[in-house]
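Examination of the molecular architecture
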Amino acid sequence: GLQPRPGDRHPSLAALLAALRADARAAQARRLRLVAALAIPLVALAGWRVMRHRELRQCTAAADGRLAAAWDLSRRHAIQRAFGATGLSYATRAFDTVAEALDGYTHAWRDMHADACEATLVRNEASQELLDLRMACLGDRLTQLQTLSDVFVAADAGVVAHSVQTVQSLPPLAPCADAVTLRAPEAPPRDRRARAEIDRLRHDLARVHALGLARPSEELVRTARADLTAAQALRYTPLEAEAQLQLGELLDGRGDFAGAGKAYHQSWVAALAGHDEAAGAWAATELVRTLGVSQAHYDEGDRWSDIAEAVIGRLPHNGYLLGTLVANRAELRKEESRYPDAVSDGKHAVELLTHALGPDHEMVAETYNTLGNIYRDLEKLPEALDCYRHSLDIWLRLGGPDHPRALASESGVADVYGDRGDHELALGEYQRVLAALERVDPESPNVANVHNNMGTELMALGRPRQALEHYRRAADDWKRRIGPSTEMVTGLNNLGSASLELGEAAEAERWFGEALAMSEKVLGPTHLFSGVVLQGLADARLRHGDRDQALADYQRSIGIIDQARALRIERLLDD
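Being a predicted model, the structure only gives us computed values, none of them experimental. (Residues numbered from 1 in each chain as written. Predicted model: local features only at pLDDT ≥ 70, side-chain atom pairs only at ≥ 80, totals over all residues. Heavy atoms only, no water.)

1. A short note on the overall build of the chain
A tally of helices and strands in the chain yields 26 helices and zero strands. Its C-alpha radius of gyration of 34 Å places the chain more than 25% over the 25 Å reference for a compact globule of 575 residues. With the principal axes as the frame, the chain shows a C-alpha extent of 150 × 45 × 45 Å. Looking at the chain residue by residue over its 575 residues, the buried ones come to 48%. When the accessible surface of the chain is split by element, carbon and sulfur atoms take 53% of a total near 27,800 Å². (Helix = DSSP H or I, 4+ residues; strand = E, 2+ residues; numbered from the N terminus. Rg over C-alpha atoms; globule rule 2.2 N^0.38 Å. Buried < 20%, exposed > 50% of the residue type's maximum accessible area, 1.4 Å probe, protein only. Areas by Shrake-Rupley, 256 points an atom, 1.4 Å probe, with all protein chains shown as cover.)

The structure is reproduced here in structure tokens:
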């Protein structure tokens, strides 16, 4: 086709093309070009897949390595040895519950981690940004798991005593899979150093949370305050909300209810500023109990209950949080003497928490205990006994008969025995509970409650001298542990009653006077407790010969009690 003489060339273009098609070398070249054209995208696709699967393997392998450090066979054996070394009678049963909970948590964590990796790296359903958010959330959970595991490896008797509550209080994993929840808070700053500091603080807050579940020490409070100061310096409000919430939990656990209330309120404010509805909902939920129940600020408790319920309703996966709120509100309604509401909330809380956490969970057991207390106030003793026994059955499965919380539920059973007049039977139950507590958990707050209740049964049995000794031990424990409080008012009032029964009028007047001053300060001068204590003070003054002052005290006491009863009746009618 390129010959210089026309006669040597093909007669037409069609003939030239036919000759080219018949040329074997040209055909081979065309085939090679076609194969190359097809091969390039296939090779690229294969390379991309290899790269993505390599990333997936790296993602899951790194997770398995971190998870193994927190919970594997060697770690299981180490924790089992530590629990056994305490010599506690319930250590084996507590370990079984802890191991079962950690098995379930780690399996769920691994599945969620793998799903997060595959959603982005294999299925292309999620962005890299969402993967980073899910990894950060799962990383916080893993830090708490690792810290808790470390605490269990070095467990002493105190850690074992709280191990079931601690392991069942690990934060839920469901929020780590919810894109709306993860994206809701304000985005962190872009500055690399600021992001690194945020990661460090979140890691430390997760560690403090896990340690605080087991043992809320003063050292941890100092660490939480330092983390809060660092978070405030970053001006990243979601992190500040987390830090305030953690500080509140620690102060709450140590009985500093006023300090806890302030921290929870500041957590709410920071969460609101940072669009972190989950943290805000937890802060509002805790304020219901800390302000409304622990500090008897009923109106504030009511307001925060409404706020918390509104925010929780906007959150997905909210069964656990809503159940906690309703349980807190049941306690508040009890303190407000709004008993129909209290019973309704208590039953609803049991349903919510059972559905969210399963029937054998410490929160379910504690809510049954709360419901039992409500029924006791209503003098519905068969219903109260049934609730306490439900709580006891759960704790027997979780920790065995000598577990401190099982003993607390058994104390509730003894309370009902005393209420129905079986004072010897109640006293025998209390003696068994006290002996077990002094053996397995002498620092339990329930020790003071049992001493106080034993004093009441001894008074009913006509043994005031023995009752006085138990009342004194209860009051001393409450004074050391929690300071001015409803419990201390009760203890001082009981000391006055026992002293009066023994004919020691001057001593009784002193105890009643201290109880009245504390009641007016902690609960207010018009609270029912203040009226009851004032009546005891009038009895002591009358016995002491001070008739005029006794008459004035009786008149004032009647006014307070009548007002409190009228308010209670009004609330019952409203309900």
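2. Comments concerning the nonpolar core
The tendency in soluble globular proteins is for nonpolar side chains to be buried as a group. Of all hydrophobic cores here, the largest spans 105 residues; its most connected members are Phe83, Leu145, Phe152 and Val160. Ranked by residues supplied to this core, first place goes to helix 4 (residues 91-121) with ten residues. Contacts of Val160, omitting those with residues within four sequence positions, involve Phe83, Thr86, Leu88, Tyr90, Ala91, Ala94 and Ala155. (Core = buried A, V, L, I, M, F, W, Y, C linked by side-chain atoms within 4.5 Å. Contact = heavy atoms within 4.5 Å.)

3. A short note on the pattern of salt bridges
Across all of its chains, the model carries 35 salt bridges by this definition. Ionic pairing is found between Glu366 and Arg405, a salt bridge with its closest N-O pair at 2.6 Å. Of this pair, Glu366 sits in helix 17 (residues 362-377) while Arg405 sits in helix 19 (residues 404-419), placing them 39 residues apart in sequence. For Arg405, a relative accessible area of 22% corresponds to the partly exposed category. Across the pair Glu507 and Arg510 runs a salt bridge, and its minimum N-O distance is 2.7 Å. (Salt bridge = Lys/Arg side-chain N within 4 Å of Asp/Glu carboxyl O.)

4. Some details on the side chain of Glu286
Note on placement: Glu286 falls in helix 13 (residues 277-294). When its relative accessible area of 12% is taken as the criterion, Glu286 is described as buried. Setting aside residues no more than four positions away along its own chain, Glu286 makes contact with Asp252 and Tyr264.

5. What to know about the state of the cysteines
A full pass over the atoms with the stated rule returns one disulfide. With its sulfur 1.9 Å from that of its partner, Cys137 forms a disulfide with Cys176. Torsion about the S-S bond of the Cys137 and Cys176 cystine: about -70°, corresponding to left-handed handedness. Remark: Cys176 occurs in the loop between helix 7 (163-167) and helix 8 (179-183) and Cys137 occurs in helix 5 (residues 128-153); sequence separation between them is 39 residues. (Disulfide = S-S within 2.5 Å.)

6. Points about a nonpolar patch on the surface
Together, Leu13, Leu17 and Leu20 make up an exposed nonpolar region whose accessible area comes to about 280 Å². Following the sequence through the fold, Leu17 ends up in helix 1 (residues 13-22). Look at Leu17 and you get partly exposed, because its relative accessible area is 37%. (Patch = residues over 30% accessible without salt bridge, like charges linked within 9 Å, V, L, I, M, F, W, Y side chains within 5 Å.)

7. Some thoughts on helix 21 (residues 446-460)
With 15 residues, helix 21 ought to run about 21 Å at 1.5 Å a step, and its terminal C-alpha atoms sit 21 Å apart, in line with that. For helix 21, the tally of buried residues reaches eleven of 15 residues, placing the bulk of the element in the interior. Contacts from the buried residues of helix 21 go to helix 19, helix 20 (423-440), helix 22 (464-481) and helix 23 (486-501). With its phi angle positive at about 75°, Gly462 sits one or two positions after the end of helix 21. (Expected span 1.5 Å × (residues − 1).)

8. Digging into the packing of helix 18 (residues 381-398) against helix 19
One way to put it is that helix 18 packs onto helix 19 with a least axis distance of 8 Å and a crossing angle of 165°. Considering their axes alone, helix 18 and helix 19 lie roughly antiparallel with respect to each other. Crossing geometry of helix 18 relative to helix 19 is assigned as left-handed. Across the interface between the two elements, Leu381, Ala384, Leu385, Tyr388, Arg389, Ser391, Leu392 and Trp395 of helix 18 pack against Arg405, Ala406, Ser409, Glu410, Gly412, Val413, Val416, Tyr417 and Asp419 of helix 19. Its residues assigned to classes, the contact of helix 18 with helix 19 comprises ten nonpolar, three polar and four charged. (Axes fitted to C-alpha atoms, helices over the stretch in contact; angles between N-to-C directions. Parallel < 35°, antiparallel > 145°, perpendicular 65-115°, else oblique. Left-handed = near helix turned anticlockwise from the far one by under 90°. Nonpolar A, V, L, I, M, F, W, Y, C, P; charged D, E, K, R; others polar.)

9. With respect to the environment of Glu487
Tracing the sequence through the fold places Glu487 in helix 23. Note on Glu487: relative accessible area 35%, which makes it partly exposed. Each C-alpha atom, one on Glu487 and one on Ala474, is 9.1 Å from the other, the two residues being 13 residues apart in sequence.

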